[in-house]
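Letter by letter, the chains look like this.
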Amino acid sequence: MPQFDFTHVFWPQLAWLAVIFAALYFGVILPTLPKIGKVVDRRETKVSGDILAAEAAKNGADALGEQTDGGLTAAHVEGRAVVAAAQAKAIKAVEKKLALADAKIDAQIESAQLDLEKARKKALGSVESIATDAASDIVEKLTGKRPSPSSAGKAAKAALALN
């Protein structure tokens, strides 16, 4: 086989290899290398531009986030102030209602005490008349004579005063 006879064929094969390599290099690779270089440069420019745009967007978002945080903090402070004012207003309203209720209860207590005093005087008057009658009955049973109402009333009053 002649292809395995390296003593006679090696140098011509090497020459054909160089010719085909040169034809491929100058015919295919050399015209396409500048095009590939331009595509790579455009791609690099686009990527670096996108990175710069992303950094600018991130900085803008960070600034907007800080502004939003400041606004939220201000809103929280304002909300707390509104809640505190509402609480103070509610406390004043409750205190006013409690004062009115206390005054009403005090008036009711005073009225009840007056009613109790009237009932006590009435009861004491009834007790006095009952004591006068009882004292008159006792004196009548012991002595056989009924005492006068004025002297029996004095005796009953004296007996009630001892208690």
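Q: Looking at this model, I keep getting lost on the overall build of the chain. Mind explaining?
A: The number of helices and strands found in the chain is two helices and zero strands. In the chain, which comprises 163 residues, the proportion classed as buried is 3%. For the chain, the exposed surface amounts to about 14000 Å²; the carbon and sulfur share of it is 68%.

Q: Teacher, can you tell me more about the pattern of salt bridges here?
A: Where charged atoms from two side chains of opposite charge approach closely, those side chains can pair. As enumerated under the stated definition, the model contains three salt bridges in all. Lys-46 is the salt-bridge partner of Asp-50, the closest N and O atoms lying 3.7 Å from each other. Here Asp-50 pairs with Lys-46, and both are found in helix 1 (residues 6–143), just four residues apart, close to one helical turn. For the salt bridge of Lys-58 with Asp-62, the shortest nitrogen-to-oxygen distance reads 3.0 Å. Remark: Asp-62 and Lys-58 occur in helix 1; sequence separation between them is four residues, near one turn of the helix. Taking the relative accessible area as the measure of exposure, Asp-62 reaches 37% and is therefore partly exposed.

Q: Would you mind showing me how to read a nonpolar patch on the surface here?
A: Judged by side-chain polarity, Trp-16, Val-19, Ile-20, Phe-21, Leu-24, Tyr-25, Phe-26, Val-28, Ile-29, Leu-30 and Leu-33 come together as a nonpolar surface patch covering roughly 1100 Å² of accessible area. Using a relative accessible area of 58% as the deciding quantity, one classes Trp-16 as exposed.

Q: Quick question: what am I supposed to make of the packing of aromatic side chains here?
A: Given two aromatic rings, their pairing is described by the distance between the two centres and the angle made by the two planes. Inspection of every chain in the model, using the stated rule, returns two aromatic pairs. With a centroid separation of 6.4 Å and an interplanar angle of 15°, the aromatic rings of Phe-21 and Tyr-25 are classed as stacked. Within this pair, Phe-21 and its partner Tyr-25 are both found in helix 1, separated by four residues, close to a single helical turn. You can call Phe-21 exposed: its relative accessible area is 57%. Taking relative accessible area as the criterion, Tyr-25 reaches 31% and is therefore assigned partly exposed. When the ring of Tyr-25 is compared with that of Phe-26, the centres are 5.2 Å apart and the planes differ by 80°; the resulting orientation is edge-to-face. These aromatic residues form a ring-pair network of at least three members: Phe-21, Tyr-25 and Phe-26.

Conventions used here
- Residues numbered from 1 in each chain as written.
- Predicted model: local features only at pLDDT ≥ 70, side-chain atom pairs only at ≥ 80, totals over all residues.
- Heavy atoms only, no water.
- Helix = DSSP H or I, 4+ residues; strand = E, 2+ residues; numbered from the N terminus.
- Buried < 20%, exposed > 50% of the residue type's maximum accessible area, 1.4 Å probe, protein only.
- Areas by Shrake-Rupley, 256 points an atom, 1.4 Å probe, with all protein chains shown as cover.
- Salt bridge = Lys/Arg side-chain N within 4 Å of Asp/Glu carboxyl O.
- Patch = residues over 30% accessible without salt bridge, like charges linked within 9 Å, V, L, I, M, F, W, Y side chains within 5 Å.
- Phe/Tyr/Trp six-rings, centres within 6.5 Å; stacked < 30°, edge-to-face > 60°.

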